[in-house]
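Examining the three-dimensional arrangement
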Amino acid sequence: MKKGTLVAASAYVIWGILPLYWHALSGVSAMEILVNRIVWSLLVCLVLVAAARDWQWLRDGLRHPAVFGRFVVTALLLAVNWLVYIWANNNGHIIEASLGYFITPLVNVLLGLLILHERLRPGQFLAVAVAAVGVSYLIVNSGGLIWISFSLALSFGFYGLLRKTAKWGSLQGLTAEMGILFVPALVVWALMAVNGSSAFASQGPSTTVLLAFSGVVTAVPLLLFASGARQVPLTTLGILQYIAPTMQFAIGILIYREPFDQTRLLGFGIVWLALGVYTVEGYLSRRRRLAALT
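Residues numbered from 1 in each chain as written. Predicted model: local features only at pLDDT ≥ 70, side-chain atom pairs only at ≥ 80, totals over all residues. Heavy atoms only, no water.

All right, on to the overall build of the protein then. Looking only at helices and strands, the protein features 13 helices and zero strands. Ordered by position from N to C terminus, the α and β elements of the protein give α-α-α-α-α-α-α-α-α-α-α-α-α. Computed over the C-alpha atoms, the radius of gyration of the protein is 20 Å, within 12% of the 19 Å expected from 2.2 N^0.38 for a compact globule of 294 residues. Once the C-alpha set of the protein is aligned to its principal axes, its extents read approximately 55 × 50 × 35 Å. (Helix = DSSP H or I, 4+ residues; strand = E, 2+ residues; numbered from the N terminus. Rg over C-alpha atoms; globule rule 2.2 N^0.38 Å.)

Structure, rendered in structure tokens:
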């Protein structure tokens, strides 16, 4: 396996096992986990930026405040995504969360069509149409929990769309986003401490360490992904991206025994069929483009 592929796959594996990490904090509210993740992620990012002595991007941003406007939006989208994901993990809805990330690639295709006015290839159109059937079936039969999947797919889809054309790279962008969210997170954390609902330093050392370490488990896979993505073709990334939701799905089924009846099996099966069409179509399309260049 090539180094770039291994690095990118490592990022997806870490994301895939995160349900185990958040479940270890199931006694802590999703909001407190979120604010800890923001605060400690900012600290990790600042240490990494300082180690790289890479502050020019920040000086440029301070001279041109409009640059931060895009990152205010991406920061809010990321906060929503993280909050819903953590809540879903710790309330027995890992399967619905995994579905959100299964359908994210197809949401990206739709956003490209509707916002960037990209043209869908016939295979992409077929994949989106098949996925729409599966998702519609789940909407009708899931009892309302499909909102988790939609929230995750849409927030991450729009996040990726905005970050695609952002000026700064992965580390710089994440540092800016965490900096934007830092003060609100700190205020919420302080209010929790005042009213006695904060778990940090009050529910034992293991909980405190896990909350503080949340910055590391956030930053490390993002940096691995950024490094690996530069070294592998998009088609390879397109296949690797299914590692994380597949692992999350398996954790929900095999470890936490979340219910998965025939209704869910049929709905998920249709979505997986759509993803198969999407992946094969992307692979064949890239091969045709490469053949045309030779």
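And the narrative resumes.
Turning our eyes to something else, we now look at helix H5 (residues 94-114). Taking 1.5 Å per residue as the helical rise, H5 with its 21 residues ought to reach 30 Å, and the 29 Å between its terminal C-alpha atoms agrees with that figure. Where H5 bends most, at threonine 104, the angle is about 40°, and the proline proline 105 comes one to four residues later. Counting buried residues in H5 gives 17 out of 21 residues, a clear majority hidden from the surface. (Expected span 1.5 Å × (residues − 1). Bend = angle between axes of the 7 residues up to and from the residue. Buried < 20%, exposed > 50% of the residue type's maximum accessible area, 1.4 Å probe, protein only.)

A separate point is the side chain of arginine 163. Here arginine 163 lies in helix H7 (residues 146-164). Reaching out from arginine 163, the side chain makes a polar contact with the side chain of tyrosine 159 at a distance of 2.9 Å. Non-local contacts of arginine 163, meaning those with residues more than four positions away in its chain, are made with Phe71, Thr74, Trp168, Gly169, Ser170, Gly173, Leu174 and Glu177. (Polar contact = N/O pair within 3.5 Å; in protein donor to acceptor, adjacent residues only side chain to side chain. Contact = heavy atoms within 4.5 Å.)

Let us look at the environment of isoleucine 148. Following the sequence through the fold, isoleucine 148 ends up in helix H7. With relative accessibility at 0%, the residue isoleucine 148 sits in the buried group. Each C-alpha atom, one on isoleucine 148 and one on glutamate 96, is 6.2 Å from the other, the two residues being 52 residues apart in sequence. Isoleucine 148 has contacts with Val84, Trp87, Ala88, His93, Glu96 and Ala97, leaving out every residue within four places of it along the chain.

Counting residues in hydrophobic clusters, the biggest one holds 25 residues, and the most contacted among them are Ile38, Leu78, Trp82, Trp168, Ala176, Met178 and Leu181. Those elements giving two or more residues to this core turn out to be helix H2 (30-52), helix H4 (66-90) and helix H8 (170-195). Once residues lying within four places of it in the same chain are set aside, the contact partners of isoleucine 38 are Trp82, Met178, Leu181, Phe182 and Ala185. In this structure, Leu111, Val128, Val271 and Tyr278 belong to the second largest nonpolar core, which totals 24 residues. (Core = buried A, V, L, I, M, F, W, Y, C linked by side-chain atoms within 4.5 Å.)

Let us now look at helix H12 (residues 243-255). Taking 1.5 Å as the rise per residue, H12 with 13 residues should run 18 Å; its terminal C-alpha atoms sit 17 Å apart, in good agreement. Along H12, the residues classified as buried are Ala244, Pro245, Gln248, Phe249, Ile251 and Gly252. All buried residues of H12 project into a common sector of 155° when viewed along the axis, lining one side. (Arc of directions from axis to C-beta.)

Moving on, we get to the packing of aromatic side chains. Tallied over the entire structure, the rule returns 16 aromatic pairs. Between tryptophan 87 and tryptophan 147 the ring centres are 5.8 Å apart and the planes differ by 40°, which places this aromatic pair in the tilted class. Separated by 60 residues along the polypeptide, tryptophan 87 in helix H4 and tryptophan 147 in helix H7 bring together distant segments of the chain. Here tryptophan 147 falls in the partly exposed class, since its relative accessible area comes to 39%. Linked through ring pairs, Phe102, Phe249, Phe260, Phe268 and Trp272 together constitute an aromatic cluster. The side chain of arginine 37 reaches across the aromatic face of tryptophan 82, ending 4.0 Å from its centre. (Phe/Tyr/Trp six-rings, centres within 6.5 Å; stacked < 30°, edge-to-face > 60°. Lys NZ or Arg CZ within 6 Å of the ring centre and 35° of its normal.)

Looking now at the packing of H4 against H7. Contact pair H4 / H7: the axes reach a minimum separation of 9 Å and the direction vectors enclose 155°. With respect to each other, H4 and H7 are oriented roughly antiparallel. The interaxial crossing formed by H4 with H7 has left-handed handedness. Contacts between H4 and H7 involve Arg70, Phe71, Val73, Thr74, Leu77, Leu78, Asn81, Val84, Tyr85, Trp87 and Ala88 on the former and, on the latter, Trp147, Ile148, Ser151, Leu152, Ser155, Phe156, Phe158, Tyr159, Leu162 and Arg163. Considered class by class, the residues forming the contact of H4 with H7 number 15 nonpolar, four polar and two charged. (Axes fitted to C-alpha atoms, helices over the stretch in contact; angles between N-to-C directions. Parallel < 35°, antiparallel > 145°, perpendicular 65-115°, else oblique. Left-handed = near helix turned anticlockwise from the far one by under 90°. Nonpolar A, V, L, I, M, F, W, Y, C, P; charged D, E, K, R; others polar.)

One pass over the structure, following the stated rule, counts three salt bridges. Among the salt bridges present, the one from glutamate 96 reaches arginine 264, with a minimum N-O distance of 2.1 Å. Linking glutamate 96 in helix H5 with arginine 264 in helix H13 (residues 262-293), this pair joins segments that are 168 residues apart in sequence. Across the pair, exposure class does not vary: glutamate 96 and arginine 264 are buried alike. (Salt bridge = Lys/Arg side-chain N within 4 Å of Asp/Glu carboxyl O.)

Across the interface, H4 lies against H5 with an axial gap of 7 Å and an inter-helix angle of 145°. The two elements H4 and H5 meet at a crossing, and its hand is left-handed. Two secondary-structure elements touch here, H4 through Asn81, Tyr85, Ala88 and Asn89 and H5 through Ile94, Ala97 and Tyr101.

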